[in-house]
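Descriptive analysis of the structure
Here are the chains, one letter per residue:
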Amino acid sequence: MPLIMLFLDGFGLGSLDPQINPLARAEMPFVRELLEGEPLTRASVGDGIIRPGLVCLPTETTLKVAGLPQSATGQTVIFSGINVAKFCGRHINGFPTPTLCRILQEQNLFKRLNQAGRPAVFANVFTKEYFEAIRSSRWQHSVTTTAALGGGCRLLMTEDLAKGTGVYQDITNEQLQAKGYELPVMRPEVAADNLIRLAAQNEFTLFEYFQTDRCGHSQDWDLALELLERLDCFIKTLADRLAEFNLDLLIVSDHGNIEDLTVRTHTLNPVPSLALGHRAGEFAGIMT
């Protein structure tokens, strides 16, 4: 079952109020088409949507641990399958602790698949500056990068992106240009084509998009609407080409954030777990 997983950091199911929730205000024509004209909110998803080619279910993110859900524990759960928030007794923000790193290195989705001979890749593109910051301890690997490295994945670089392999974390390469890289600004549709081609050669392909979480923390309305429209184009292109390559698309998140711009923090809202493709129904049992 070749699969693309699109991980959207800080992407929850909020209210229908367009004064609070940019998902209720953004046009996002493809997502609204999936939801019969409605925006992606708690109300439109309800107890869940299951129909041929589409599953969309609300997923609780507190993991039965008091407090606001956080990235390190939420993401480790996604990529290890272990309720580490319950194991640690708390939600852990930001980067993985040594305990979480050990769990991710010992058992993660990339490792299980690659060891089983089912190629798994991390589609995000990295820069040389990133690794310089890691070597100097100015930066730390995220959960997703820790999992990918623990699973034996080769991390893609800007040289790969120049050849049409991989996607930079902002989708469009605008942030790479700001760093001085001579790479063209990429339309979301073209970036999605890059991801599709990579996914067609592998069993599991992950792309992580964390601009949604950053935007939620900044409470920037204009940026939120821009990012959501970009995502809509990106997802539509992926969805339109799934059948061509016998792929399915799974969209997940770790916690809410961008769906409520009245606060700078994460939220207690559920997140959408969404599957698209001709095998989408097979995910219903594991997404609840």
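Attention here is on the structure that accompanies the text. Quantities reported herein were computed from a predicted structural model and do not represent experimental measurements.

Calculation rules
Residues numbered from 1 in each chain as written. Predicted model: local features only at pLDDT ≥ 70, side-chain atom pairs only at ≥ 80, totals over all residues. Heavy atoms only, no water. Core = buried A, V, L, I, M, F, W, Y, C linked by side-chain atoms within 4.5 Å. Buried < 20%, exposed > 50% of the residue type's maximum accessible area, 1.4 Å probe, protein only. Helix = DSSP H or I, 4+ residues; strand = E, 2+ residues; numbered from the N terminus. Contact = heavy atoms within 4.5 Å. Axes fitted to C-alpha atoms, helices over the stretch in contact; angles between N-to-C directions. Parallel < 35°, antiparallel > 145°, perpendicular 65-115°, else oblique. Left-handed = near helix turned anticlockwise from the far one by under 90°. Nonpolar A, V, L, I, M, F, W, Y, C, P; charged D, E, K, R; others polar. Pairing = 2+ DSSP bridges. Salt bridge = Lys/Arg side-chain N within 4 Å of Asp/Glu carboxyl O.

A separate point is the nonpolar core. Counting 54 residues, the largest nonpolar core has Phe-207, Phe-234, Leu-249 and Leu-276 as its most contacted members. Mapped onto this core, the elements with two or more residues apiece are strand E1 (3–8), helix H2 (29–34), strand E3 (54–59), helix H12 (188–199), strand E7 (204–209), helix H14 (221–241), strand E8 (248–252) and strand E9 (271–276). Ranked by residues supplied to this core, first place goes to H14 with eight residues. Not counting the four nearest positions on each side in its chain, Leu-276 is found in contact with Phe-30, Leu-34, Gly-53, Leu-54, Ile-235, Ala-239, Leu-242, Asp-248 and Leu-249.

Attention now moves to the environment of Pro-184. Following the sequence through the fold, Pro-184 ends up in the loop between helix H11 (174–178) and H12. By relative accessible area, which is 54% here, Pro-184 ends up exposed.

With that settled, the discussion passes to the packing of helix H4 (residues 71–80) against helix H6 (residues 98–106). Working note: a packed helix pair is described by the angle between its axes plus the distance between those axes. Packing of H4 against H6 leaves a shortest axis separation of 10 Å and a crossing angle of 15°. Comparing their axes, H6 and H4 come out roughly parallel. Seen from above, H4 lies across H6 with left-handed handedness. Every residue of H6 that contacts H4 at Ala-72, Thr-73, Thr-76 and Ser-80 is listed here: Leu-100, Ile-103 and Leu-104. Each residue belonging to the contact of H4 with H6 can be placed in one class, and the counts come to four nonpolar, three polar and no charged.

Here we take up the pairing of E7. E7 sits mainly inside the fold: six of its six residues count as buried. Because side chains alternate across E7, one face comprises the buried residues Phe-204, Leu-206 and Glu-208, and the other comprises Thr-205, Phe-207 and Tyr-209, equally buried. In terms of strand pairing, E1 meets E7 through six bridges, oriented parallel. The residue of E7 that forms the bridge with Met-5 is Leu-206.

Time to look at the side chain of Thr-158. By secondary structure assignment, the location of Thr-158 is in helix H10 (residues 158–162). On the basis of relative accessible area, Thr-158 is assigned to the buried category, the value being 9%.

As a further point, take the pattern of salt bridges. All chains considered together, the criterion is met by 10 salt bridges. Notably, a salt bridge pairs Arg-230 with Glu-174, separated by 3.0 Å at the nearest N-O pair. Placement of Arg-230 in helix H14 and of Glu-174 in helix H11 is noted, with a sequence separation of 56 residues between them. We classify Arg-230 as buried; its relative accessible area is 11%. Between Arg-241 and Glu-244 there is a salt bridge, and its shortest N-O distance comes to 3.1 Å. Judged by relative accessible area, which is 54%, Glu-244 ranks as exposed. Each of Glu-174, Glu-226 and Arg-230 takes part in a single network of salt bridges with overlapping partners.

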